[in-house]
Amino acid sequence: MNPIKILGSGPSALSAAINLAKEKFEVHVYEQHEEIGKRFHGDIQGLENWSRREDVLDTLAKMNISINFDCQPSSKIIVSNGSNTKEDITFKRPIYYLVKRGSVDGSFDQGLKDQASSLGVNIHFNSTIPKEEADIIATGPISQELFAADEGLIFKTDMEDMVVAIINDKAAPKGYAYLIVTKGYGCLCTCIFEDFPHLKDYLERAKEMFAKIVDLRIIEKIRDVGGVGCFSTKNIFKEGKALFVGEASGLQDMLWGFGIRNALTSGFLAARSIIEKSDYEKEAKSFFIPRLRASLVNRFLYELFAIGNYAPLINKFKNEQNLFGWMESLHNFNKIQKVIYPLALVYMRKRYPKLRI
């Protein structure tokens, strides 16, 4: 068997590498930086657990990914619109699993690296190859297709564990701000979907709002963090012999920007197509395109009906009896979304003219 060359070392790349190495393929991963996860700096993110019926940890197990990284289940969240609505919501099962990102100890990225290395994957740091030589391309976000950006900080604190979200356009236009505290480690960010030049201003407003909602105690700032999100529904899954995975192929959730689960799945599907000599492009389109279209409709509705400073949406989360069933339907292109999609597409093309949609 010829060696498999993977360009990039994010979750989609390492998901593919792990599965290929398990089948005794010789795998080479090329990372332009000196370490894996350099886009992140200890940020806390969520492995979303609401878009599919199967628990995400069971999905990871089926994709041959072990939990050798910090992974904190969370079933509670405080949601506020920063003014007249605040709800403490407890779910029947974890709504997400909290993970650290970057090159820090216990991070999701380092866990995947260790799993790949233990299987004999060759990771070449400070190294790259021409795209035409790669079998899998996992080079991350396409900067020209930006639709969201976030900025924040990580810090030491003596606050109790909590997750707090603010939906307020003064703190996060068309997006959300979040505060996560786990085991004395805090992460506060704002994620915005417009007016990117003023991102730092929105972060300061988010801090002020959080301080009014909870007793915000930042004992020691560790560092600033941030990132971007890119999206497409005209995805490139294959070009020549190269298979595109993760955000390199435009995979992202346009509603709230949760992309880890999609990234891991795309890497797994790419690896399986090489192992089984099947059609990755066909399978990826079948699996992802409906979900991407659903997320586009969700983003359209989210922006269109931001009435009452998002209070109706917060109340929906509070009172929905079958919340997980409702959320799963929202992410899987249901019948109503199929009807709305043409209208949403016209609106979103004008709203985000740089995106391939």
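An account of the accompanying structure is given in this report.

## What to know about the overall build of the protein chain
- Within the protein chain, the regular secondary structure consists of nine helices and 16 strands.
- On the principal axes, the C-alpha backbone points of the protein chain span a range of 60 × 50 × 40 Å.
- By residue count, 56% of the 357 residues in the protein chain fall in the buried class.
- Just so you have it, the protein chain exposes about 15,700 Å², and 51% of that area is on carbon and sulfur atoms.
- In the protein chain, which carries 47 positive and 44 negative side-chain charges, the distance between the mean positions of the two groups comes to 5 Å.

## A short note on the pairing of strand β1 (residues 4-7)
- Bridge count for β1 against strand β2 (residues 27-30) is four bridges, and the pairing is parallel. Residue pairing across strands places Leu-7 opposite Tyr-30, the latter belonging to β2.
- Each parallel crossover has a hand, and for β1 linked through helix α1 (residues 11-22) to β2 it is right-handed.

## Some thoughts on helix α8 (residues 323-330)
- Considered for burial, the residues of α8 that qualify are Leu-323, Phe-324, Met-327, Glu-328 and Leu-330. The buried residues of α8 occupy one face: seen down the axis, they fall within an arc of 160°.

## Observations concerning helix α6 (residues 280-304)
- With 25 residues, α6 should reach 36 Å at 1.5 Å per residue; the first-to-last C-alpha distance of 35 Å fits that figure.
- Remark: the principal bend of α6, roughly 35°, maps to Phe-288, with a proline, Pro-290, within the next four residues.
- Between the side-chain oxygen of the N-cap and the backbone nitrogen of Glu-281 there are 3.2 Å, and the N-cap of α6 in question is Asp-279.

## Section: the sheet that holds strand β10 (residues 146-156)
- Taken in spatial order, the seven strands make up an open sheet running β6-β5-β11-β12-β13-β10-β14, and their pairing is mixed. Each having just a single partner strand, β6 (86-90) and β14 (220-230) make up the two edges of the open sheet. On average, each strand axis in the sheet is tilted by 15° relative to the strand beside it, whichever way the strands run.
- As paired elements, strand β11 (residues 162-166) and strand β12 (residues 176-182) share five bridges and run antiparallel to each other. Within the sheet, the bridge partner assigned to Ala-165 lies in β12 and is Tyr-178.
- Across the sheet, helix α4 (residues 199-213) is in contact with β5 (76-80), β6, β10, β11, β12 and β13 (185-192); its angle to β13 comes to roughly 125°.

## A few points about the pairing of β5
- For β5, the tally of buried residues reaches four of five residues, placing the bulk of the element in the interior.
- Pairing of β5 with β6, which is carried by five bridges, proceeds in the antiparallel orientation. When the bridges of β6 are listed, Lys-76 appears paired with Thr-90.
- Taking the residues that link successive antiparallel strands as the turn, the β5-β6 hairpin has five residues, and the phi of Gly-82 there is positive, at about 80°.
- As paired elements, β5 and β11 share three bridges and run parallel to each other. Residue pairing across strands places Ser-80 opposite Ile-166, the latter belonging to β11.

Reading the values: the criteria
- Residues numbered from 1 in each chain as written.
- Predicted model: local features only at pLDDT ≥ 70, side-chain atom pairs only at ≥ 80, totals over all residues.
- Heavy atoms only, no water.
- Helix = DSSP H or I, 4+ residues; strand = E, 2+ residues; numbered from the N terminus.
- Buried < 20%, exposed > 50% of the residue type's maximum accessible area, 1.4 Å probe, protein only.
- Areas by Shrake-Rupley, 256 points an atom, 1.4 Å probe, with all protein chains shown as cover.
- Lys, Arg positive; Asp, Glu negative; His and termini not counted.
- Charge placed at Lys NZ, Arg CZ, Asp CG, Glu CD.
- Pairing = 2+ DSSP bridges.
- Right-handed = clockwise from strand over helix to strand, strands pointing away.
- Arc of directions from axis to C-beta.
- Expected span 1.5 Å × (residues − 1).
- Bend = angle between axes of the 7 residues up to and from the residue.
- Polar contact = N/O pair within 3.5 Å; in protein donor to acceptor, adjacent residues only side chain to side chain.
- Axes fitted to C-alpha atoms, helices over the stretch in contact; angles between N-to-C directions.
- Contact = heavy atoms within 4.5 Å.

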